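Secondary and tertiary structure notes
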2 protein chains.
Amino acid sequence: MAAKPSIPKGTRDFSPIEMSRRNYIFNTIRESFHLFGFQQIETPAMENLSTLMGKYGEEGDKLLFKIQNSGDYFNKLTDEELLSRNAAKLASKFCEKGLRYDLTVPFARYVVMHREELVFPFKRYQIQPVWRADRPQKGRYREFYQCDADIIGNTSLINEVELIQLIDHVFGKLNIRVAIKLNNRKVLAGIAEVIGEPDKIIDITVAIDKIDKIGLDGVVAELKSKGIGEASVEKLLPILEAQGDNNQKLDIIANTLKGNATGEKGVEEIRFILDTLKNIELNSALDLDLTLARGLNYYTGAILEVKALDVAIGSITGGGRYDNLTGVFGMEGVSGVGISFGADRIYDVMNQLDLYPKESIHNTQVMFVNFGEKEAIHSLKIISALRKEGISAELFPSSDKMKKQMGYANSHNIPFVAIIGEQEMNDGTVAVKDMATGEQQTITAEELAKKLKA
Amino acid sequence: MAAKPSIPKGTRDFSPIEMSRRNYIFNTIRESFHLFGFQQIETPAMENLSTLMGKYGEEGDKLLFKIQNSGDYFNKLTDEELLSRNAAKLASKFCEKGLRYDLTVPFARYVVMHREELVFPFKRYQIQPVWRADRPQKGRYREFYQCDADIIGNTSLINEVELIQLIDHVFGKLNIRVAIKLNNRKVLAGIAEVIGEPDKIIDITVAIDKIDKIGLDGVVAELKSKGIGEASVEKLLPILEAQGDNNQKLDIIANTLKGNATGEKGVEEIRFILDTLKNIELNSALDLDLTLARGLNYYTGAILEVKALDVAIGSITGGGRYDNLTGVFGMEGVSGVGISFGADRIYDVMNQLDLYPKESIHNTQVMFVNFGEKEAIHSLKIISALRKEGISAELFPSSDKMKKQMGYANSHNIPFVAIIGEQEMNDGTVAVKDMATGEQQTITAEELAKKLKA
């Protein structure tokens, strides 16, 4: 016997019930994207490594899945190169392509390649899997979906406002209670300048970012360990400890940043977003969180993160403003802002809270029992008519024992079973059993169609 | 400036308009699958190479995209192995995973891995991309979608009947005129036996399969070149030349195969399928095609192929019965039957015939012109209310020149533009321009919602 097959670690099969649930999430996000005027694109799973490498830091480069070239690539290598056994260096000779690591870099590449066809602002969305050779662990997979919406080629803060509304709309539809956290990279940069440590912005941001995990004392200790002086840390404390509602927090930070151009710009941006959103009713709390930092790689303005209120899990959506995403591909000065819904974490949250509406699960509406060839052919005609009415129907394919056929209907949660024996064939009727109540009634095929459409 | 980015050859980006069209095709197929009681699964893009290798023949193994292992795999290799430069052999040391080549082998792997959870017959569908390192050419890509529906764990010919109806339903919905061609592998095996060349079934099938391309004389020449004797070829001719309707052709072949058990079984299977389908109205022609062969790898019963009538292109859907798909993974005796819709060829046909209904293209229903901050905030409130009614609406994000804003609406085929200036703000109205007719009317926000929902 062949070895029992398996799948690569960190990857998953999705069963029919899991697919129904995932599609419910994807469809909800997709419909919301359309409602807000975003348009879908898709990019290939494989990108040239020259597109991907160097975009995610050194660590990211290592986490790219690289695809072996076809053909006799060995012949191009010297004995010395081969015997060096330098995997990282030789990988670049063996591989020209890799699997996409996120949807952002392929999007930037798309914009640059298609710049002539695009009309800006370009509001695009993309729902596709990405791959990372990360160590698999609970909730972290090597293949997972991202759902990104970006507006590129426009600097108006209305875009930030729209994206916050979009986040609110999606989680409202999914019935997940969330808090949307907002901050601004210019505020963080301003803080670093004001406390006299402009060069340490990365260290400061990384430390601040951990406040949820290590607490205020932990952050202070980390800042000091990075060589940030007592006096500078002292100046940071009011920001880290800022309490009150959004306006009160904004006043504290505005006060600290007074006279710092970058910081004041950041405060002004936050104020516009908060003030504008006061005109629109949101389901979710929108919290100014001065400790929100998010990675530093490309964000330059507003940054956003979404936390589920009823499940302990990392951020389930994030995003922000970037001023030069396409610069790395030679197209300078194109500003954009985007968000990414973490579909797999949202799926975990939905599963834990069991938030799927009953009608989100796809089932056949009626199964016809198979009593033999004559009855089967008779049933097929009725089934064909039902399908024309948009009713999903199936015939059990073989005339197996009743128990087996009913077991199939049961295990597939098919709500109605139709039984056509000789009597029903002669009468032109169908005996229909309601699987939930056990009730059975004999009706015509037309009545059955009407019943199932109701 | 950075080098102009590109994508790997044989792969494609899909623009918003292309995505709308592709989604129309995928949604039509998906809805049909549901109507017929099929359930969706998904499998990972990456499979273990041990799952994939040896399943597609030697040529197929070469066309697999292999993924480089992470880590220092070089250290496990001797100097001798490295210097052998044997790419094929070393690939197995460098790579443990590959991208899926089709959806059939991953499905077989899925069935074996999940056999305990499955209730048979298992009617699954799967719509996912596959990857092949084929030489790219017109209509042949390295990344393309397959849409497969299979019924596994049931031998009834009702399944074949249902799949033919499903094909007919899908192409009816897509408005593509097709001919469905039917044959049976047992008939082909019977023919080889009857003409006294049972061992040459592969050569015979390969030759017959080319009849469309090289004509009857070409097939005869090829058969002779494979060492099939004059007398045997003579016996084949009536089959290759069979004319008439399905019943007449079936009679010819039944006559030839009389007394051959395998062949008679095949004739009987075809007759059941044709007779049963006489009870159901099909849009498409169903043609018994005794020259239809399809690859030999795993089909054992009915074989099917679909040709578009109005575009010259290869088969756009195919499938058949297999008796032992899962045997290679140690699960014997599970019969199934399936079909695969070639989404990318269907897309080419739809494009050539321009068969997309207008409503299949996703557009925003109304764009609000942006005259400045005050008007924008006022518009956002109305837009928010429209979206709650399910109407897709967007605000142009910045107060750019009218020409630019109208240009955006035009290029995105947005049918209505809403204009709110100071006058409208004071009156609580919206000026709405119909972009097709140029007509403009001033109405209330509620009237606008009503108009757009109609």
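Let me begin by describing the structure that accompanies this report. What you see is a predicted model; the values in this text were computed from it and never measured.

1. Overview of the overall build of chain A
Secondary structure assignment for chain A yields 18 helices and 16 strands. For 454 residues, the compact-globule estimate of 2.2 N^0.38 gives 22 Å, and the C-alpha radius of gyration of chain A, at 29 Å, exceeds that figure by more than 25%. Counting only C-alpha atoms, chain A reaches 95 × 70 × 45 Å along its principal axes. Counting all 454 residues of chain A, 59% fall into the buried class. The contacts in chain A between residues at least 6 apart in sequence include a share of 68% that link residues at least 24 apart. Mean positive and mean negative side-chain charge positions of chain A (56 and 63 charges, respectively) differ by 4 Å.

2. Some thoughts on the packing of helix 8 (residues 185-194) of chain A against helix 12 (residues 246-257) of chain A
For any two helices packed against each other, one specifies the inter-axial angle together with the distance between the axes. All names here are of chain A. Contact geometry of helix 8 with helix 12 gives a least axis separation of 10 Å together with a crossing angle of 45°. Classified by the angle their axes make, helix 8 and helix 12 are oblique. Considering how the two elements wind past one another, helix 8 and helix 12 form a crossing that is left-handed. The residues of helix 12 that touch helix 8, namely those facing Val187, Gly190, Ile191 and Val194, are Ile253, Thr256 and Leu257. For the contact of helix 8 with helix 12, a count of residues per class yields five nonpolar, two polar and no charged.

3. So, the interface of chain B and chain A
Taken residue by residue, the interface counts 105 residues in chain B and 105 residues in chain A. Together, the buried faces of chain B and chain A total about 9,100 Å²; carbon and sulfur atoms form 60% of this surface. Between the two partners, chain B and chain A, sit eight salt bridges. Summed over the shared surface of chain B and chain A, the result is 30 residue pairs in polar contact (both at pLDDT 80 or more). In terms of residues, the side of chain B that touches chain A owes the most to one element, helix 15 (residues 373-388) of chain B, which gives seven residues.

4. As for empty space enclosed by the protein
Tallied over the full model, the rule gives two cavities of 30 Å³ or more. Taken as a whole, the largest cavity holds about 40 Å³ of empty space. Lining the largest cavity, in full, are A:Leu395, A:Pro397, B:Lys123, B:Ile151, B:Ile158, B:Asn159 and B:Glu162. Considering every element that reaches the lining of the largest cavity, the biggest residue donor is helix 7 (residues 158-174) of chain B, with three residues. Across the lining of the largest cavity, the residue classes tally to four nonpolar, one polar and two charged. Volume-wise, the second largest cavity comes out at about 30 Å³. Taken together, A:Lys123, A:Ile151, A:Ile158, A:Asn159, A:Glu162, B:Leu395 and B:Pro397 form the lining of the second largest cavity. Residue contributions to the lining of the second largest cavity peak at three residues, all from helix 7 (residues 158-174) of chain A.

5. Quick notes on the packing of aromatic side chains
Scanning the entire structure with this criterion turns up 27 aromatic pairs over all chains. Where B:Tyr24 meets B:Tyr356, the ring centres are 6.2 Å apart and the plane angle is 70°; that geometry is what we call edge-to-face. Taken together, the positions of B:Tyr24 in helix 1 (residues 16-35) and B:Tyr356 in the loop between helix 14 (343-353) and strand 12 (366-368) put the pair 332 residues apart, joining distant regions of the chain. With respect to class, B:Tyr24 is no different from B:Tyr356; both count as buried. Through pairs of rings, three or more aromatic residues link up here, namely A:Phe33, A:Phe38, A:Tyr125, A:Phe171 and A:Phe341. The ring of B:Phe107 carries the charged tip of B:Arg124 above its face, separated from the ring centre by 3.9 Å.

6. Focus: the pairing of strand 4 (residues 95-99) of chain B
Residue and element names in this part refer to chain B. Judged by how many residues are buried, strand 4 sits mostly within the fold: four of five residues are covered. Where strand 2 (residues 46-48) meets strand 4, three bridges bridge the pair, whose relative direction is antiparallel. The partner of Asn48 across the bridge, within strand 4, is Lys97. Bridge count for strand 3 (residues 66-68) against strand 4 is three bridges, and the pairing is antiparallel. Within the sheet, the bridge partner assigned to Ile67 lies in strand 4 and is Lys97.

7. Some details on the packing of helix 12 (residues 246-257) of chain B against helix 13 (residues 261-277) of chain B
Residue and element names in this part refer to chain B. Taken N-terminus to C-terminus, the directions of helix 12 and helix 13 make an angle of 165°; their axes are 9 Å apart at the nearest point. It follows that helix 12 is roughly antiparallel to helix 13 by the angle criterion. In the packing of helix 12 onto helix 13, the handedness of the crossing is left-handed. Contacts between helix 12 and helix 13 pair Asn246, Leu250, Asp251, Ile253, Ala254 and Leu257 from the former with Gly263, Glu264, Val267, Ile270, Arg271 and Leu274 from the latter. Along the lines of polarity and charge, the residues of the contact of helix 12 with helix 13 split into seven nonpolar, two polar and three charged.

8. A few points about the relation of the copies chain B and chain A
With an axial shift of 0.0 Å and an RMSD of 0.1 Å, the rotation relating chain B to chain A amounts to 180°. Here the symmetry operator amounts to a two-fold rotation axis. Relative to the rotation axis, the C-alpha of B:Ile67 is the closest in chain B, positioned 2.3 Å from it. Here 100% of the contact residues of chain B are again contact residues in chain A; the copies associate through an equivalent surface.

9. Concerning helix 11 (residues 230-240) of chain A
Residue and element names in this part refer to chain A. Listed in full, the buried residues belonging to helix 11 are Ser232, Val233, Leu236, Leu237, Ile239 and Leu240. One face of helix 11 carries all of its buried residues, which in axial projection span an arc of 160°. Away from its buried face, by an angle of more than 90 degrees, helix 11 presents the exposed residues Glu230 and Ala231. For helix 11, the elements touching its buried residues are helix 8, helix 9 (201-209), helix 10 (211-225) and helix 12.

10. Looking at the sheet that holds strand 13 (residues 393-395) of chain B
Residues and elements named next belong to chain B. The mixed open sheet is built from five strands, whose spatial order is 13-12-14-15-16. Because the sheet does not close on itself, it has two edges, and the strands there are strand 13 and strand 16 (440-444). When strand polarity is set aside, the average angle formed by the axes of neighbouring strands in this sheet is 30°. Across five bridges, strand 15 (residues 429-434) lies against strand 16 in antiparallel orientation. Its bridge partner lying in strand 16, Ala431 is registered against Thr442. Helix-sheet contacts for helix 15 involve strand 12, strand 13 and strand 15, and the interaxial angle to strand 13 is about 170°. Along the sheet, helix 18 (residues 445-453) makes contact with strand 12, strand 14 (416-419), strand 15 and strand 16, crossing strand 16 at roughly 115°.

11. A word on helix 14 of chain B
It helps to recall that an α-helix has 3.6 residues per turn; residues three or four apart then point in one direction. Residues and elements named next belong to chain B. Residues of helix 14 that are buried: Ala343, Asp344, Ile346, Tyr347, Asp348, Val349 and Met350. Against the buried residues of helix 14 lie helix 1, strand 6 (143-152), helix 7, strand 9 (299-308), strand 10 (317-322) and strand 11 (336-342). In the segment just after helix 14, Asp354 is the residue with positive phi, at about 50°.

12. Structural notes on the pattern of salt bridges
Inspection of every chain in the model, using the stated rule, returns 43 salt bridges over all chains. Two residues, A:Glu269 and A:Lys265, come together in a salt bridge whose shortest N-O distance is 3.2 Å. With a gap of four residues between them, A:Glu269 and A:Lys265 both fall in helix 13 (residues 261-277), about one helical turn apart. We note a salt bridge from B:Asp400 to B:Lys404, for which the minimum N-O separation is 3.4 Å. Since its relative accessible area comes to 27%, B:Asp400 is described here as partly exposed. Each member of the salt-bridge network shares a partner with another, and the members are A:Arg12, A:Arg22 and A:Asp344.

13. Description of the sheet that holds strand 16 (residues 440-444) of chain A
Residue and element names in this part refer to chain A. The strand order 13-12-14-15-16 describes an open sheet built from five strands, whose pairing is mixed. Looking at strand neighbours, the two that pair on one side only are strand 13 (393-395) and strand 16, the edges of this open sheet. Neighbour-to-neighbour, the strand axes of this sheet turn through a mean angle of 30°, independent of strand direction.

14. Looking at the pairing of strand 11 of chain B
All names here are of chain B. Of all seven residues making up strand 11, five are buried, and the element is well covered by its neighbours. Relative to strand 11, strand 6 is paired through seven bridges, and the arrangement is antiparallel. Residue Ile151 lies in a different strand from strand 11, and its bridge partner there is Val337. Bridge count between strand 10 and strand 11: six bridges; the pairing is antiparallel. The residue bridging Thr317 from the neighbouring strand is Phe341, located in strand 11.

Parameters and conventions
- Residues numbered from 1 in each chain as written.
- Chains lettered and ligands numbered in written order.
- Predicted model: local features only at pLDDT ≥ 70, side-chain atom pairs only at ≥ 80, totals over all residues.
- Heavy atoms only, no water.
- Helix = DSSP H or I, 4+ residues; strand = E, 2+ residues; numbered from the N terminus.
- Rg over C-alpha atoms; globule rule 2.2 N^0.38 Å.
- Buried < 20%, exposed > 50% of the residue type's maximum accessible area, 1.4 Å probe, protein only.
- Contact = heavy atoms within 4.5 Å.
- Lys, Arg positive; Asp, Glu negative; His and termini not counted.
- Charge placed at Lys NZ, Arg CZ, Asp CG, Glu CD.
- Axes fitted to C-alpha atoms, helices over the stretch in contact; angles between N-to-C directions.
- Parallel < 35°, antiparallel > 145°, perpendicular 65-115°, else oblique.
- Left-handed = near helix turned anticlockwise from the far one by under 90°.
- Nonpolar A, V, L, I, M, F, W, Y, C, P; charged D, E, K, R; others polar.
- Buried area = accessible area lost by both parts, 1.4 Å probe.
- Salt bridge = Lys/Arg side-chain N within 4 Å of Asp/Glu carboxyl O.
- Polar contact = N/O pair within 3.5 Å; in protein donor to acceptor, adjacent residues only side chain to side chain.
- 1 Å grid on protein atoms, 1.4 Å probe; cavity = no way out; pocket = protein on both sides within 12 Å on 5 of 7 lines; lining within 4 Å.
- Points joined across faces, edges and corners; volume = space filled by probe spheres on them.
- Phe/Tyr/Trp six-rings, centres within 6.5 Å; stacked < 30°, edge-to-face > 60°.
- Lys NZ or Arg CZ within 6 Å of the ring centre and 35° of its normal.
- Pairing = 2+ DSSP bridges.
- Least-squares fit on C-alpha atoms with pLDDT ≥ 70 in both.
- Arc of directions from axis to C-beta.

Geometry only, nothing functional implied.
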